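Listed below, chain by chain, are the residues.
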Amino acid sequence: MTARTSPESARDIPEATVARLPVYLRALTTLSEQGTATCSSEDLAAAAGVNSAKLRKDLSYLGSYGTRGVGYDVDYLRYQIAREIGVTQDWPVVIVGIGNLGHALANYSGFRSRGFRVVALLDADPRRHEEVVAGVAVRAFDDLEQIVRDHAVAIGVIATPALAAQDVADRMVACGITSILNFAPAVLAVPDGVDVRKVDLSIELQILAYHEQRKAHGEPLAGEAVS
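Residues numbered from 1 in each chain as written. Predicted model: local features only at pLDDT ≥ 70, side-chain atom pairs only at ≥ 80, totals over all residues. Heavy atoms only, no water.

- Looking at an unreviewed UniProt entry, one finds the protein chain named Redox-sensing transcriptional repressor Rex, with Nocardioides panaciterrulae as its source organism.
- According to the UniProt record, the Function (unreviewed entry) comment for the protein chain reads "Modulates transcription in response to changes in cellular NADH/NAD(+) redox state."
- What the UniProt record of the protein chain gives under Subcellular location (unreviewed entry) is the line "Cytoplasm". (UniProt positions renumbered as here; feature names shortened; annotations may be inferred.)

Here you go:
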């Protein structure tokens, strides 16, 4: 089974909705594993951490999968969302930068269970070559072009230091990778047609620190009424 790519199946789904679909998929997977066959929009919204009106609006972009008075068929809706976001097919992924973070990503079991298969681990440091992480041998970064050709890789993960990230991104783009997940603390410049998602753990921690500081000083958080 592969994701739908025909023009007839394409829909203009808002980016914010696209960002929430994996959250709904995770919630549905958890419900299915707990033996839940059907659920209401309120139950699914609670499991996903959103309000039910927003959930119903998001799902309306996919079609009508709920039944009034019954709710959603958990497994069927899970399949429909998985198909929409393209994880009913097997996506080959390459990870560049096998330091501590790269090791952790390579060992992450969630990749395979969610439709992603790590086909290669690459590092510029020859001392890491032939090291095996999660059953995959670490290879030289210079092997990138051949690996992309051999496995038709479209998704690359960058887990290098910041100074190396742009060069890695340039090589990825040059050999045909069109989606990049960037864990390096650097802003990447890529051409049109290449999607970049940035994960910056330090920024997320700083945002939490901001909220902790506000709470410590008794200041109202965003959305709270001031009396």
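Moving on from the coordinates now.
Some remarks on helix α3 (residues 52-60)
Alright, step 1. For α3, the set of buried residues is Ser52, Leu55, Asp58 and Leu59. Down the axis of α3, the sector holding all buried residues measures 120°, keeping them to one side.
Alright, step 2. Where α3 is buried, its residues touch α1 (15-33), α2 (41-48), β3 (71-73) and α4 (74-85).
Alright, step 3. With a side-chain oxygen lying 3.2 Å from the backbone nitrogen of Ala53, the N-terminal cap of α3 falls on Asn51. (Buried < 20%, exposed > 50% of the residue type's maximum accessible area, 1.4 Å probe, protein only. Helix = DSSP H or I, 4+ residues; strand = E, 2+ residues; numbered from the N terminus. Arc of directions from axis to C-beta. Contact = heavy atoms within 4.5 Å. Polar contact = N/O pair within 3.5 Å; in protein donor to acceptor, adjacent residues only side chain to side chain.)

Structural notes on the packing of aromatic side chains
Alright, step 1. Applying the stated criterion across every chain yields a total of 1 aromatic pair.
Alright, step 2. Ring geometry for Tyr108 and Phe111: centres 5.3 Å apart, planes at 80°, overall edge-to-face.
Alright, step 3. Residue Tyr108 is classed as partly exposed on the basis of its relative accessible area, which comes to 44%.
Alright, step 4. In this structure Phe111 comes out as buried when scored by relative accessible area, which is 16%. (Phe/Tyr/Trp six-rings, centres within 6.5 Å; stacked < 30°, edge-to-face > 60°.)

A short note on the packing of α2 against α3
Alright, step 1. Remark: α2 packs on α3, axes separated minimally by 8 Å, with the N-to-C direction vectors making an angle of 100°. It follows that α2 is roughly perpendicular to α3 by the angle criterion. Note on element contacts: α3 touches α2 through Ser52, Leu55, Arg56 and Leu59, opposite Ser41, Glu42, Leu44 and Ala45. (Axes fitted to C-alpha atoms, helices over the stretch in contact; angles between N-to-C directions. Parallel < 35°, antiparallel > 145°, perpendicular 65-115°, else oblique.)

Comments concerning helix α8 (residues 162-174)
Alright, step 1. Along its 13 residues, α8 runs 19 Å from first to last C-alpha, staying within 8% of the 18 Å computed at 1.5 Å per residue.
Alright, step 2. Taken together, the buried positions of α8 are occupied by Ala165, Val168, Ala169 and Met172. Mapping the buried residues of α8 onto a view down its axis gives an arc of 105°, with all of them on the same face. Among the exposed residues of α8, those pointing more than 90 degrees away from its buried face are Leu163, Asp167 and Ala174.
Alright, step 3. Buried positions along α8 lie against β4 (91-96), α7 (144-151), β8 (155-158) and β9 (179-182).
Alright, step 4. Of the residues one or two after α8, Gly176 is the one with positive phi, at around 110°. (Expected span 1.5 Å × (residues − 1).)

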